[in-house]
Amino acid sequence: MTTTDPDFAAAEEREARRARLFTQINTADKWFQVLGLVWMTPILKAVAGDNPQAQVKEIWRLLAVPLIAILAFLLLWGTLAPKVQTSLGAVPGPAQVWAEVVNLHEDAQAKAAKREKFEAMLAKRNEKLIAAGRADEVKTVAYTGAPSYYQQIWTSIRTVFFGFLIATAVAVPLGIAAGLSPTANAAINPLVQIFKPVSPLAWLPIVTMIVSAVYATNDGLFSKSFLISAITVTLCSLWPTLINTALGVASIDKDLVNVSKVLKMNTWTKITRLVLPSALPLIFTGLRLSLGVGWMVLIAAEMLAQNPGLGKFVWDEFQNGSSSSLAKIMVAVFTIGIIGFLLDRVMFALQSLFTFTNNR
């Protein structure tokens with residue numbers, strides 16, 4: 001005869017629940033790393049009762065130390081900024097910059113309301129014309145008001161992704177060819193070494209003249225300014241992806257290559273089943289580098305060419321020379337940095353989804 005101890009069964013159930021909880025925390029930790037929220041893991045473990053003393057040390061290192069560093073930076077900035085005088089007045093401190101963040105948000109809301117009012121009036125006018133049997137007089141009039149700060153941010157993000165996608169479409173096939181074939185590598189490598197160091201400021205006039213000559217219409221799918229900025233991003237950002245793709249393909253285990261020969265794989269099967277899965281970690285490293293380069297290049301291109309986006313916003317505020325211009329420029333600087341960080345996190349998330357390695 002066997003008996004069941006109720007206390008033992010309850011303890012066993014608690015241990016099982018605790019084990020499941022820690023499994024869920026460890027699974028979530030992978031995504032916390034992707035999102036830059038690694039400090040969440042020790043907090044959850046401490047709440048779950050996993051060696052609280054050790055977790056407090058991790059919380060201090062991962063959360064408290066960065067927060068103290070940020071607070072020290074803000075304190076130093078706020079203390080030193082008023083002492084530096086420029087042609088536009090004293091350098092704005094954190095409070096003035098935050099005030100401009102609020103002003104830009106309110107301005108964006110006002111511009112959005114103005115646009116909605118314009119579109120509502122236009123729709124009402126067209127409805128009246130249709131009701132009066134004058135449908136042939138209905139017109140679609142584009143809103144020509146100044147873009148808001150949020151619209152300029154969206155324009156820059158859209159442009160950098162378009163240029164980045166073109167760069168990826170060019171760089172990955174060339175990198176695969178260079179990695180698989182010594183002859184292709186010998187042909188591509190000199191071009192990489194020559195064009196990789198070229199500044200976007202050198203590419204921009206060439207791209208501007210070529211796009212203006214080839215893309216003569218103003219009624220196309222894309223505006224000239226958009227294409228000029230996007231192509232400049234492409235020319236400057238494709239090199240890290242190309243180099244890392246070639247390196248990843250060339251570094252494939254020779255035993256796998258020999259197996260593909262034994263199995264008599266054709267070129268397409270070899271690339272899709274062997275080359276790409278093995279080279280993906282380095283390819284994604286190149287993509288992350290390319291997107292970061294493209295984002296920096298875009299801001300410079302928008303400033304120089306006066307194309308719509310954050311770069312133009314910075315240049316316009318610099319030319320404006322008002323008392324709030326410097327604070328607005330600093331808002332743009334922080335915006336550019338935060339978006340750059342988020343773009344890298346997006347690529348890191350994609351890398352985590354499509355690769356199975358800790359080599360990041």
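Report on the accompanying structure. Position numbers for residues start from 1 in each chain and track the written sequence from start to end. Per-residue local features are limited, in this predicted model, to residues with pLDDT of at least 70; the limit for side-chain atom pairs, both in listing and counting, is 80 or more; totals at the level of whole chains, interfaces and linings are taken over all residues. Side-chain numbers here rest on the full set of heavy atoms in the structure, without hydrogens or water.

Going along the chain from the N terminus, every DSSP run of H or I of four or more residues is numbered as a helix, and every run of E of two or more is numbered as a strand. Secondary structure summary: the protein chain contains 12 helices and two strands in total. Along the protein chain, from the amino end to the carboxyl end, the secondary structure elements read α-α-α-β-β-α-α-α-α-α-α-α-α-α. Only the C-alpha atoms count toward the radius of gyration. The rule for a globule is 2.2 Å times the residue count to the power 0.38. Relative to its length of 360 residues, the protein chain is extended, with a C-alpha radius of gyration of 28 Å against a globular reference of 21 Å. The principal-axis extents of the C-alpha atoms in the protein chain amount to approximately 95 × 60 × 60 Å.

This paragraph deals with the packing of aromatic side chains. Planes of paired rings set the category: under 30 degrees apart is stacked, over 60 is edge-to-face and the rest tilted, where pairs are Phe, Tyr or Trp rings (Trp by its six-membered ring) whose centres lie within 6.5 Å. Counted according to the given criterion, the structure contains seven aromatic pairs. Each ring, one from Phe 73 and one from Trp 77, has its centre 5.8 Å from the other, and the planes form 40°; the classification is tilted. Remark: Trp 77 and Phe 73 occur in helix α3 (residues 52-80); sequence separation between them is four residues, near one turn of the helix. Residue Phe 73 is classed as partly exposed on the basis of its relative accessible area of 45%. The class for Trp 77 is buried, based on a relative accessible area of 12%. By the ring-pair criterion, three or more aromatic residues cluster together here, those being Phe 73, Trp 77 and Phe 334. Only protein chains enter the accessibility calculation, which uses a 1.4 Å probe; a residue is then buried when its area is under 20% of its type maximum, exposed when over 50%, and partly exposed in between.

This part covers the packing of helix α6 (residues 182-195) against helix α8 (residues 224-250). In this description, a line fitted to the C-alpha atoms serves as the axis of each element, helices being fitted only across the stretch in contact, and the angle between N-to-C directions of two axes falls anywhere from 0 to 180 degrees. As a packed pair, α6 and α8 sit with axes 11 Å apart at the nearest point and diverge in direction by 145°. For the pair α6 and α8, the crossing hand works out as left-handed. Of α8, the residues touching α6 (which contributes Ile 188, Leu 191, Val 192 and Phe 195) are Trp 239, Leu 242 and Ile 243. Considered class by class, the residues forming the contact of α6 with α8 number seven nonpolar, no polar and no charged. Two helices cross in a left-handed way if the nearer one is turned anticlockwise from the farther one by less than a right angle. They cross in a right-handed way if the turn is clockwise. It only takes one pair of heavy atoms within 4.5 Å for two residues to be counted as in contact. Side-chain classes are defined by residue name, with Ala, Val, Leu, Ile, Met, Phe, Trp, Tyr, Cys and Pro counting as nonpolar, Asp, Glu, Lys and Arg as charged, and the others, Gly among them, as polar.

Let us now look at the pattern of salt bridges. By definition here, a salt bridge exists when the distance from a side-chain nitrogen of Lys or Arg to a carboxyl oxygen of Asp or Glu is within 4 Å. On inspection of all chains with the given rule, the structure shows six salt bridges. Asp 107 is the salt-bridge partner of Lys 111, the closest N and O atoms lying 3.2 Å from each other. Residue Lys 111 and its partner Asp 107 are located together in helix α4 (residues 94-131), separated by four residues, close to a single helical turn. On the accessibility criterion, Asp 107 (31% relative accessible area) is partly exposed. Across the salt bridge formed by Arg 345 and Asp 344, the nearest N and O atoms sit 3.3 Å from each other. The exposure class of Asp 344 is partly exposed, given its relative accessible area of 24%. Connected through salt bridges with shared partners, the residues Arg 288, Asp 344 and Arg 345 form a single ionic network.

Looking now at the nonpolar core. Residues belong to a common nonpolar core when they are buried Ala, Val, Leu, Ile, Met, Phe, Trp, Tyr or Cys residues joined through side-chain atoms within 4.5 Å. The biggest cluster of nonpolar side chains holds 40 residues, and the ones touching the most others in it are Tyr 149, Val 160, Trp 295, Leu 310 and Ile 339. Those elements giving two or more residues to this core turn out to be α4, α5 (149-180), α8, α10 (267-305), α11 (310-320) and α12 (325-354). With sequence-adjacent residues up to four places away left out, Val 160 is seen in contact with Val 233, Leu 291, Gly 294, Trp 295, Leu 298 and Leu 343. Counting residues in each nonpolar core, the second largest holds nine residues, with Ala 171, Ile 188, Val 192 and Leu 238 among its members.

Interpretation in functional terms is not warranted from these geometric data alone.
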